[in-house]
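Structural characterization, general
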2 protein chains.
Amino acid sequence: MPIVSYDRLVTLVRDLFIGYGFNEEQALIIAQNLEDADRHGIASHGIQRMRLYDQRITNGYIKPNEEGRIVHEMPAAALIDGRHGMGQIVGTRAMRLAIEKAKKVGIGAVAVRDSNHFGTAGYYASLAADEGLWGYASTNSNALLVPTHSAKPFIGSNPIAVAVPTSRGRFLYDAATTTVSLGKVEVHAKLGEPLPGDWVMNTDGTIDRDAQDVIDNVTLKPGGRGGLTPIGGLGETNSGYKGYGIGAVVELLTAALPLGVLSADVHGQSIGHFFLALDPDAFGGREATEEYVADFVDRLHALPSVDGSPVLVPGDKEFAAADRTDAEGIEVDEKTAREVEQIAARFGVEVPWAHDDADERTAQVAVA
Amino acid sequence: MPIVSYDRLVTLVRDLFIGYGFNEEQALIIAQNLEDADRHGIASHGIQRMRLYDQRITNGYIKPNEEGRIVHEMPAAALIDGRHGMGQIVGTRAMRLAIEKAKKVGIGAVAVRDSNHFGTAGYYASLAADEGLWGYASTNSNALLVPTHSAKPFIGSNPIAVAVPTSRGRFLYDAATTTVSLGKVEVHAKLGEPLPGDWVMNTDGTIDRDAQDVIDNVTLKPGGRGGLTPIGGLGETNSGYKGYGIGAVVELLTAALPLGVLSADVHGQSIGHFFLALDPDAFGGREATEEYVADFVDRLHALPSVDGSPVLVPGDKEFAAADRTDAEGIEVDEKTAREVEQIAARFGVEVPWAHDDADERTAQVAVA
């Protein structure tokens, strides 16, 4: 399994997207978005997605070089038509616009329609935090979430990300409004492991713990029944309607507000986003709020554990993963490595593991 | 049990708050807030709370006539110091300011510190929807939510409310970020019923289903262990860290952003709020988005049921309750009726059920 530094993966992915016809700045944005995910241990949204993007660009669903068009603008708000551009390009432009507005008037909100998958929501929220602002980002997706009492999915996994700068580190919440994302089910299926929780509703309304069965039969099938449970689970006993309700709010912000397309109708295209940036200087002040949030985080970390596991704060796991990959490099799984090699060959780009890999193959042949 | 019309209860509560020294307009705002809750079937936030407000006003925690002070203002944002005013007065002023800003620049955000309990969050979100805007409201509270792996509560029940106008009715999400609110546990305790779900973590880290034990021993005890579970439940299996994370975000918006007081330190005072109003005319347009959301709601209602119960949309239950109470009146439970009678007697205000009640008592005496 190739292990590659963040910097070399950024260069590789950038060069591939230049190959598709994106300009250098755009290609770098996409590469940083994908490798930010890999660096933080979110492999499902990293270089593993190259094959998906390759298909979508090749078949014309994603338009290279398209940055979207501002349809309507006010001092604190804007609507962007993504014109089927790459989600990372349109999304970054939208969040930058929200940040610019927030710095001028205190808060900025930008809704986007007709975009594409934009990677992790946390990446965009973090763009605001990089500049000392509080950031919010959401997107819709395919219909995956089963509303309470419904036999079939109708709402996307609809992640919410919130990034808040602190004087010591960062608070970063980034999660789907389903109990888990489909990617987490796929990981269990790959490993041949059962699902440990009430993550998926089977076609008969019961919980399905067979990960492979879920992938094969439950979700994403046209006209299918079953799907991912909302946070809080099936039915009303543990308030699954709250996860469903929050998912529905995200659907309204990302589809209704920009007059885009509902997750139920998206089929992987025409995805919508919603971004918010908020300047703490319009409220309690940057320095004071950063210190306040750092103390809040310290007090959460200091809470006594009830079960031996430490009390974590949103972002802790991802930042620990970044420390690890910065020191040890990022693992690219074999399947992804082969897929990326094929794409790279088309553009005459050399993959950074080409040499190691050749050695490894030679070694295998020698052993055989 | 007295059954009284919404209008007569509003008049009663208004007159009581005039008795405390609020001016007529302020008293009406408070009365409409409390009776809006009763009207929508949320008795825990209605006239039942008179005793609590009476204590807090009498002991000086809540300052009558205080409307708060704008500390800092930008075109799209403001910070208000509530100066320990009544939550309903300070909160309504804050949301009106957010609405005013949204109409001018597209979105308005107002954070509030040092306020008091403000009733239901949904009331404030609805103020925006009444004017064709999208509204968001949150508040912190006492520490009730147990962060994932923690032995004790540290975050408030921290409700989130979102109101969105549609061309046929309204979308209204309003719920705590704990699995249930403490009020729901209290209802089960009053009825002597066990808790049906994983709502409360006992002091030893297990789930407690004994409602009376929860009220007596678990929550709100100084230095106590145990508390309300986040949406998603205990531990990580069903992603309880998502409910915890969303609760933490609300804590940041309502305590850190306005430099107020954390739920963990609030002890029923110095509560913070956060309000957001968003003008759809800055995005897809009012008429078009209202039609879009109405269609979304219709499609959710039309989803096939997996278990015989209809698929509902956030707000459905509350609006059905309002139809019922508009036709049949609002029930005031006996305990509340006696408490309100005592307060009313102090101010020389007649309760609207005084006559019925006297008849009822006479009848009981006659039977005895």
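Note that the coordinates shown come from a computational prediction; the quantities given were computed from them, not determined experimentally. (Residues numbered from 1 in each chain as written. Chains lettered and ligands numbered in written order. Predicted model: local features only at pLDDT ≥ 70, side-chain atom pairs only at ≥ 80, totals over all residues. Heavy atoms only, no water.)

This brings us to the overall build of chain A. Helix and strand counts for chain A come out as 13 helices and 11 strands. Taking 368 residues into account, the globule formula puts the C-alpha radius of gyration at 21 Å, and chain A, at 21 Å, falls close to it. Projected onto its principal axes, the C-alpha positions of chain A cover 65 × 50 × 45 Å. By the burial criterion, 60% of the 368 residues in chain A qualify as buried. The contacts in chain A between residues at least 6 apart in sequence include a share of 67% that link residues at least 24 apart. Here chain A carries 32 positive and 51 negative side-chain charges, and the mean point of each set is 5 Å from the other. (Helix = DSSP H or I, 4+ residues; strand = E, 2+ residues; numbered from the N terminus. Rg over C-alpha atoms; globule rule 2.2 N^0.38 Å. Buried < 20%, exposed > 50% of the residue type's maximum accessible area, 1.4 Å probe, protein only. Contact = heavy atoms within 4.5 Å. Lys, Arg positive; Asp, Glu negative; His and termini not counted. Charge placed at Lys NZ, Arg CZ, Asp CG, Glu CD.)

Between its first and last C-alpha atoms helix α10 (residues 286-301) of chain A spans 23 Å; for 16 residues at 1.5 Å apiece the expected length is 22 Å, and the two agree. Within the span of α10 of chain A, buried status applies to Thr 289, Glu 290, Tyr 292, Val 293, Ala 294, Phe 296, Val 297 and Leu 300 of chain A. On its buried face, α10 of chain A is in contact with β5 (134-139) and β6 (160-165) of chain A together with α8 (240-256) of chain B. (Expected span 1.5 Å × (residues − 1).)

The pair of chain copies shares a relation made of a rotation about an axis and a shift along it. Overlaying chain A on chain B yields an RMSD of 0.0 Å, the required transformation being a rotation through 180° with an accompanying axial translation of 0.0 Å. Seen this way, the second copy is the image of the first under a two-fold rotation axis. Minimal C-alpha separation from the rotation axis in chain A is found for Gly 232 of chain A, amounting to 2.2 Å. Most of the interface of chain A is mirrored in chain B, where 100% of its interface residues again form contacts. (Least-squares fit on C-alpha atoms with pLDDT ≥ 70 in both.)

Once that is clear, we can look at the sheet that holds strand β7 (residues 170-175) of chain A. Residues and elements named next belong to chain A. Taken in spatial order, the 7 strands of this open sheet run β2-β3-β4-β10-β5-β6-β7, and their pairing is mixed. Two strands close off the open sheet at either side, each with one partner strand: β2 (69-74) and β7. Averaged over all pairs of adjacent strands, the angle between strand axes in this sheet comes to 10°, irrespective of strand direction. (Pairing = 2+ DSSP bridges. Axes fitted to C-alpha atoms, helices over the stretch in contact; angles between N-to-C directions.)

The subject of this paragraph is the pattern of salt bridges. Counted by the stated rule, this structure contains 42 salt bridges over all chains. A salt bridge links Arg 83 of chain B to Glu 66 of chain B; its shortest N-O distance comes to 3.2 Å. With Arg 83 of chain B in the loop between β3 (77-81) and α4 (87-105) and Glu 66 of chain B in the loop between α3 (50-58) and β2 (69-74), this pair connects stretches of sequence that are 17 residues apart. With a closest N to O distance of 2.6 Å, Arg 209 of chain B and Asp 198 of chain B form a salt bridge. With Arg 209 of chain B in the loop between β8 (200-201) and α7 (211-218) and Asp 198 of chain B in the loop between α6 (182-191) and β8, this residue pair connects regions lying 11 residues apart in the sequence. Three or more residues are tied together by salt bridges with common partners; here these are Arg 168, Glu 291, Asp 295 and Asp 298 of chain A. (Salt bridge = Lys/Arg side-chain N within 4 Å of Asp/Glu carboxyl O.)

Moving on to the sheet that holds strand β7 (residues 170-175) of chain B. Ordered by their spatial adjacency, 7 strands build an open sheet running β2-β3-β4-β10-β5-β6-β7 (chain B), and the pairing between neighbours is mixed. Only two strands of the sheet have a single neighbouring strand rather than two, namely β2 and β7 of chain B. On average, each strand axis in the sheet is inclined to that of its neighbour by 10°, with strand direction left out of account. As paired strands, strand β5 (residues 134-139) of chain B and strand β6 (residues 160-165) of chain B are joined by 4 bridges and run antiparallel to one another. Counted as the bridge partner of Tyr 136 of chain B is Val 162 of chain B from β6 of chain B. Packed on one face of the sheet, helix α8 (residues 240-256) of chain A meets β5, β6 and β7 of chain B and runs near 135° to β7 of chain B.

A few words now on the interface of chain A and chain B. Quite often, the size of an interface is put as the accessible area lost when its parts meet. On the chain B side, the residues contacting the 94 residues of chain A number 94 residues. Taking both sides of the interface into account, the surface hidden between chain A and chain B amounts to around 7300 Å²; carbon and sulfur atoms contribute 71%. Counting the surface chain A buries against chain B, the share from its top three residues, His 149, Phe 283 and Tyr 292 of chain A, is 10%. Seen at the junction of chain A and chain B, the total is 4 salt bridges. For Asp 265 of chain A, the salt bridge identified is with Arg 299 of chain B, shortest N-O distance 2.9 Å. Across the contact surface, chain A and chain B share 40 residue pairs in polar contact (both at pLDDT 80 or more). A per-element tally of the side of chain A that touches chain B places α8 of chain A first, with 12 residues. (Buried area = accessible area lost by both parts, 1.4 Å probe. Polar contact = N/O pair within 3.5 Å; in protein donor to acceptor, adjacent residues only side chain to side chain.)

Within a regular strand, side chains alternate between the sheet's two faces. Here β2 of chain A runs beside strand β3 (residues 77-81) of chain A; their pairing, made up of 5 bridges, is antiparallel. When the bridges of β3 of chain A are listed, Met 74 of chain A appears paired with Ala 77 of chain A.

The next subject is the packing of helix α1 (residues 6-20) of chain B against α3 of chain B. Residue and element names in this part refer to chain B. The contact between α1 and α3 brings their axes to 11 Å, and the two run at 10°. When the axes of α1 and α3 are compared, the pair comes out roughly parallel. Contacts between α1 and α3 involve Val 13, Leu 16, Phe 17 and Tyr 20 from the former and Met 50, Tyr 53, Asp 54 and Ile 57 from the latter. When the residues that make up the contact of α1 with α3 are grouped by side-chain class, the tally is 7 nonpolar, no polar and 1 charged. (Parallel < 35°, antiparallel > 145°, perpendicular 65-115°, else oblique. Nonpolar A, V, L, I, M, F, W, Y, C, P; charged D, E, K, R; others polar.)

Attention shifts here to the confidence of the model for chain A. Residue and element names in this part refer to chain A. Mean pLDDT over chain A stands at 94; residues scoring 70 or higher make up 95%. Within the model, pLDDT remains below 50 along residues 360-368, and this stretch shows 3 contacts once partners closer than five positions in the same chain are excluded. Scored by ipTM, the complex comes to 0.95, with pTM at 0.96. (pLDDT = per-residue confidence, 0-100.)

Right, let's get into the nonpolar core. In this structure, Trp 134 and Phe 274 of chain A together with Trp 134 and Phe 274 of chain B are the most contacted members of the largest nonpolar core, which totals 90 residues. In this structure, Phe 274 of chain A is in contact with Ala 109, Val 110, Ala 111, Tyr 136, Ala 137, Ser 138, Leu 253, Thr 254 and Leu 257 of chain A together with Leu 278 of chain B, ignoring residues within four places of it in sequence. (Core = buried A, V, L, I, M, F, W, Y, C linked by side-chain atoms within 4.5 Å.)

Residues and elements named next belong to chain B. The topology assignment puts His 40 in the loop between α2 (24-39) and α3. We classify His 40 as buried; its relative accessible area is 11%. When residues no more than four places from it in sequence are discounted, the contact partners of His 40 are Glu 318, Phe 319, Ala 321 and Ala 322. Of the polar contacts made by the side chain of His 40, one reaches the backbone oxygen of Asp 36; its length is 2.7 Å.

Inspection of the secondary structure assignment puts Thr 336 of chain A in helix α12 (residues 334-347). Sequence-distant contacts of Thr 336 of chain A, defined by excluding residues within four places in its chain, comprise Ile 47 and Gln 48 of chain A.

Across all of its chains, the model carries 20 aromatic pairs over all chains by this definition. Aromatic ring contacts, followed pair by pair, group Phe 17, Tyr 20, Phe 22 and Phe 347 of chain A into a single cluster. Sitting over the ring of Tyr 6 of chain B, Arg 39 of chain B keeps its end group 6.0 Å from the ring centre. Sitting above the plane of the Phe 347 of chain B ring, Arg 346 of chain B keeps its charged end 5.5 Å from the centroid. (Phe/Tyr/Trp six-rings, centres within 6.5 Å; stacked < 30°, edge-to-face > 60°. Lys NZ or Arg CZ within 6 Å of the ring centre and 35° of its normal.)

What follows is about the pairing of β5 of chain A. Residue and element names in this part refer to chain A. With 6 of 6 residues buried, β5 is to be regarded as a mostly interior element. Burial of β5 is two-sided: the residues Trp 134, Tyr 136 and Ser 138 facing one way and the residues Gly 135, Ala 137 and Thr 139 facing the other way are all buried. Pairing between β5 and strand β10 (residues 271-278): 6 bridges, direction antiparallel. Bridged to Trp 134 within β10 is Leu 278.

Moving on: the environment of Thr 325 of chain B. Residue and element names in this part refer to chain B. Turning to its location among the elements, Thr 325 is positioned in helix α11 (residues 316-328). By relative accessible area, Thr 325 is classed as buried at 14%. A sequence separation of 120 residues divides Thr 325 from Gly 205, and the C-alpha atoms of the two residues are 41 Å apart. Sequence-distant contacts of Thr 325, that is, excluding residues within four places in its chain, are made with Asp 38, Arg 39 and Ile 330.

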